[in-house]
Amino acid sequence: MLGTLPNTARADRATPADTRDAHSDTLRRAVSFIEANAHRDITLADIAASVPVTPRAVQYAFTRHAGTTPLGHLRRVRLARAHAELRSAEPDGTTTVTAVAGRWGFAHQGRFAAAYRQAYGVAPSVTLGTAGAL
């Protein structure tokens with residue numbers, strides 16, 4: 001109801017607690033949660049609840065101490081795990097780039113391929129194609 005009436009309460013404003021909680025321990029705990037749960041469909045709220053601090057405090061901690069966002073870090077972790085899976089795939093042809101990308105939360109194949117190419121310098125299909133030779 002309050003959201004429909006003019007007011008000065010803004011959910012996007014930082015509170016003193018948000019900035020106070022945005023320290024390196026918050027970052028460490030959030031990174032640990034992300035790495036342990038990268039295979040799951042997690043949100044910023046899930047990350048914050050695991051720490052436990054506000055979502056804004058998690059965002060501040062990542063910005064200040066890691067130079068990225070929590071979801072940006074999650075994408076990097078997932079991309080690294082997809083890369084490792086593509087590199088270790090058996091040469092029998094049963095593994096596909098689409099399946100690996102989907103397992104790691106990349107629903108849009110074009111964006112996955114672009115991010116992969118930017119991070120690793122080759123298309124994911126090249127990594128998969130050379131997996132047996134590595």
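Just above sits the structure.
Computed from a predicted model, the values in this text were never measured in an experiment.

**Considering the packing of aromatic side chains**
This structure, assessed with the given rule, holds 3 aromatic pairs. On the numbers, 5.0 Å between centres and 50° between planes, the contact of Phe-106 with Phe-112 is tilted. Phe-106 sits in the buried class, given a relative accessible area of 13%. A residue is classified by how much of its surface remains accessible, and Phe-112, at 0% relative accessible area, is buried. Considering the side-chain rings of Phe-112 and Tyr-116, the 5.8 Å spacing of their centres and the 50° angle between planes classify their relative orientation as tilted. Of this pair, Phe-112 and Tyr-116 both sit in helix 7 (residues 109-120), separated by 4 residues, roughly a single helical turn. Tyr-116 carries the same exposure label as Phe-112, and that label is buried. A connected cluster of aromatic rings, assembled from ring pairs, spans Phe-106, Phe-112, Tyr-116 and Tyr-120. Over the ring of Tyr-60 we find Arg-64, and its NZ or CZ is 5.6 Å from the ring centre.

**A look at the packing of helix 2 (residues 24-37) against helix 5 (residues 70-87)**
In contact at an axis separation of 10 Å, helix 2 and helix 5 are set at 40° when each is read in the N-to-C sense. As the angle between them shows, helix 2 and helix 5 are arranged oblique. Here helix 2 runs over helix 5; the crossing is right-handed. Residues Val-31, Ile-34 and Glu-35 of helix 2 lie in contact with helix 5, whose contacting residues are Pro-70, His-73, Leu-74, Val-77 and Arg-81. A per-class count over the contact of helix 2 with helix 5 returns 5 nonpolar, 1 polar and 2 charged.

**What to know about the environment of Arg-103**
The topology assignment puts Arg-103 in helix 6 (residues 97-103). Counting along the chain gives 21 residues from Arg-103 to Ala-82, while the straight-line C-alpha distance between them is 8.2 Å.

About the cut-offs
- Residues numbered from 1 in each chain as written.
- Predicted model: local features only at pLDDT ≥ 70, side-chain atom pairs only at ≥ 80, totals over all residues.
- Heavy atoms only, no water.
- Phe/Tyr/Trp six-rings, centres within 6.5 Å; stacked < 30°, edge-to-face > 60°.
- Buried < 20%, exposed > 50% of the residue type's maximum accessible area, 1.4 Å probe, protein only.
- Helix = DSSP H or I, 4+ residues; strand = E, 2+ residues; numbered from the N terminus.
- Lys NZ or Arg CZ within 6 Å of the ring centre and 35° of its normal.
- Axes fitted to C-alpha atoms, helices over the stretch in contact; angles between N-to-C directions.
- Parallel < 35°, antiparallel > 145°, perpendicular 65-115°, else oblique.
- Left-handed = near helix turned anticlockwise from the far one by under 90°.
- Contact = heavy atoms within 4.5 Å.
- Nonpolar A, V, L, I, M, F, W, Y, C, P; charged D, E, K, R; others polar.

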